Each structure stands twice: as structure tokens, then as C-alpha cells.
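Below are the chains, spelled out letter by letter.
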Amino acid sequence: LLDMVYNGSRGTVVILDNSTTAMTGHQDHPATGKTLQGRTAPEVSPEKIAEGVGVRRVRVVNPFELDALESAIREETAAAEVSVIIARHPCVLIDPTSIGDPVEVTLDDCVGCLNCTEIGCPAISWHEGHPVIENAQCGGCGLCISVCPVDAIRPGGAAR
């Protein structure tokens, strides 16, 4: 990022901030305000780091607000300078209350478009021509609801 600013590059860096280092076991990191031993530590701000190296275009968005996220990506990737988008939302495995209730598919309304399967959600599988949502894995984020063109996926928690 520093080299991009220093060399007058253009480009957008997207930081995925879910308040944990989940890929290696949900450890704290400098932006969480805790050490690996659980002690309080200074909380590092990705926004301030970006601004500190000279990035003038820094945006924080909720990745579950798809319209706002898409707008930010379109605007920032079109910018003639370096920009940073911070997609911030707590990890649902750490804070399951950060999202919502599991969802359900109304099979009578489903048109089999496959949009819900394209978001990469581990709770959604395809079985006999329709999506199946595993409630135990569903964090209730609502992404599948937002991509369903016929409103066949709704809050509810029990597949029909």
C-alpha cells in the first residue's frame, strides 16, 4: 500500500476485517485490541494506517449490505488514485448474534435459478432441483435472501 501511494499508482485494496484471524483458529490480532494471551493492547486501525501512508480515499462498508458494497467497489476501482475499502463485520463464528436468524426456502416459490448457490455459503446445497439450507450452519446473514430474484428465501429457520 505504501509503495502504491509512493509510486503514484492507482488501484483499490480491499481489507476484509472480521475482527479475527479465523484461518488459523480465531486468534486476536493488532486490530482487535487484545494480545494472543488475551491482554488489552492498543487497537490498530486499518483506516488510520491507510491514511497514514497517504491514501486519501478510505471507505468502510458492511459486506452484508450488498448495494453499498457494490457501489463502493465500482466507485473506488474507477478512481484515478489509490483507494482502500474496508469490508467490516464481525465473524459470525465468533459473534453469532451479529447477524440474524437462519433462513428457509419456500419451495413453491423457488424457480431453480441457482443464484443462492453462487455466493459460496457452506450452509446451502442443491438437492433434487432446489436449494437446501442447513440451519446448523446458517448464520442468518441474509446474502441468499438478497440474491434471490423471487423472494423464495426468507427468515424463518426451518426448511420446508
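Just above, that's the structure.
Residues numbered from 1 in each chain as written. Predicted model: local features only at pLDDT ≥ 70, side-chain atom pairs only at ≥ 80, totals over all residues. Heavy atoms only, no water.

Draft legend 1. Representation of the environment of Val103. Considering the arrangement of structural elements, one finds Val103 in strand 4 (residues 103-105). Separated by 51 residues in the primary sequence, Val103 and Arg154 place their C-alpha atoms 5.4 Å from one another. (Helix = DSSP H or I, 4+ residues; strand = E, 2+ residues; numbered from the N terminus.)

Draft legend 2. Representation of the sheet that holds strand 1 (residues 11-17) within the structure. Spatially, 1-3-2 is the arrangement adopted by the three strands of the open sheet, whose pairing is parallel. The open sheet is flanked by strand 1 and strand 2 (57-61), the only strands paired with a single partner. Looking at each pair of strands side by side, their axes are set apart by 15° on average, direction ignored. Pairing of strand 2 with strand 3 (residues 82-88) involves five bridges; the strand directions are parallel. What sits directly across from Val61, in strand 3, is Ala87. Helix 3 (residues 66-78) rests against strand 1, strand 2 and strand 3 of the sheet, and its axis sits at about 165° to strand 2. (Pairing = 2+ DSSP bridges. Axes fitted to C-alpha atoms, helices over the stretch in contact; angles between N-to-C directions. Contact = heavy atoms within 4.5 Å.)

Draft legend 3. Local environment of the nonpolar core. Counting residues in each nonpolar core, the largest one holds eleven residues, listed as Val103, Val105, Cys116, Ala123, Ile124, Ile133, Cys138, Cys144, Cys148, Ala152 and Ile153. Once you skip the residues sitting within four places of it in the chain, Ala152 turns out to touch Glu104, Val105, Thr106, Asp109 and Cys110. (Core = buried A, V, L, I, M, F, W, Y, C linked by side-chain atoms within 4.5 Å. Buried < 20%, exposed > 50% of the residue type's maximum accessible area, 1.4 Å probe, protein only.)

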